[in-house]
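Fold and contact review
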Amino acid sequence: MPASRREGGPKGPPEEVQIAFLLSRLGNRQGNAFADLLGPLELRPKTFALMNLVDLGDGPSQQEVGAAMELDPSGLIGTIDELEGNGWIERRRSETDRRRHALHLTATGAGKLAEGRRAARQRAEELVAPLTERERATLLRLLRKLAAR
């Protein structure tokens with residue numbers, strides 16, 4: 001047992017348990033608030049993430065998007081079909097590999113993504129509002145370190 005516990009130190013869960021709990025709780029809260037902002041735009045976090053990957057890529061394949069999102073491509077097809085049905089993305093045959101379908105945003109999809117990005121920025125600003133610039137930089141550095149594991 002750590003010395004602080006034996007000597008009447010702070011009671012409660014160890015720091016690492018508190019950190020894990022708070023990250024989980026904050027993640028859930030952030031995810032729900034973000035989904036609430038995207039809802040009126042007819043977007044969900046998953047569709048927003050997919051559209052961002054398509055926009056940032058140079059005609060990524062369905063498999064590349066699935067790998068980047070850490071999703072099985074078969075679980076992604078329904079979302080791609082939905083976005084294509086909305087007229088927000090389109091599948092095109094790759095110019096370099098005719099077996100591959102490249103994903104591209106349509107003009108309508110680019111506009112929808114811009115709306116979603118404004119909502120994402122709004123939510124991000126609300127989330128970090130209590131932090132100073134220095135605290136934000138420290139938090140980002142620490143989160144990147146944890147995420148890289």
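What counts and what doesn't
Residues numbered from 1 in each chain as written. Predicted model: local features only at pLDDT ≥ 70, side-chain atom pairs only at ≥ 80, totals over all residues. Heavy atoms only, no water. Helix = DSSP H or I, 4+ residues; strand = E, 2+ residues; numbered from the N terminus. Expected span 1.5 Å × (residues − 1). Buried < 20%, exposed > 50% of the residue type's maximum accessible area, 1.4 Å probe, protein only. Contact = heavy atoms within 4.5 Å. Core = buried A, V, L, I, M, F, W, Y, C linked by side-chain atoms within 4.5 Å. Polar contact = N/O pair within 3.5 Å; in protein donor to acceptor, adjacent residues only side chain to side chain. Phe/Tyr/Trp six-rings, centres within 6.5 Å; stacked < 30°, edge-to-face > 60°.

This paragraph deals with helix 5 (residues 73–85). The end-to-end C-alpha separation of helix 5 is 18 Å, in line with the 18 Å expected for 13 residues at 1.5 Å each. Three or more residues of helix 5 are buried, namely Leu 76, Thr 79, Ile 80 and Leu 83. Of the surrounding elements, those touching the buried residues of helix 5 are helix 3 (45–56), helix 4 (62–68), strand 1 (89–93) and strand 2 (101–105). Looking one or two places after helix 5, you find Gly 87, whose phi comes out positive at around 80 degrees.

When the terminal C-alpha atoms of helix 3 are compared, their 16 Å separation across 12 residues agrees well with the 16 Å that a helix rising 1.5 Å per residue should span. Looking at helix 3, one finds that the buried residues are Thr 47, Phe 48, Leu 50, Met 51, Asn 52 and Val 54. Contacts made by the buried residues of helix 3 are with helix 2 (15–38), helix 4, helix 5, strand 1, strand 2 and helix 6 (107–128).

All right, on to the nonpolar core then. Counting residues in hydrophobic clusters, the biggest one holds 19 residues, and the most contacted among them are Leu 38, Leu 43, Leu 50, Met 51, Val 65 and Ile 89. Every element with two or more residues in this core is listed here: helix 2, helix 3, helix 5, strand 2 and helix 6. For this core, the element with the most residues is helix 3, which contributes 4 residues. Those residues within four positions of Leu 50 in sequence are excluded, and the remaining contacts are Val 65, Met 69, Leu 76, Thr 79, Ile 80, Leu 83 and Ile 89.

Next up on the list: the side chain of Thr 47. The topology assignment puts Thr 47 in helix 3. For Thr 47, the side chain forms a polar contact with the main-chain nitrogen of Arg 44, separated by 2.8 Å. Setting aside residues up to four positions removed in sequence, Thr 47 forms contacts with Thr 79, Glu 82 and Leu 83.

Moving on to the packing of aromatic side chains. Tallied over the entire structure, the rule returns 1 aromatic pair. Each ring, one from Phe 34 and one from Phe 48, has its centre 5.4 Å from the other, and the planes form 75 degrees; the classification is edge-to-face. Placement of Phe 34 in helix 2 and of Phe 48 in helix 3 is noted, with a sequence separation of 14 residues between them. With relative accessibility at 10%, the residue Phe 48 sits in the buried group.

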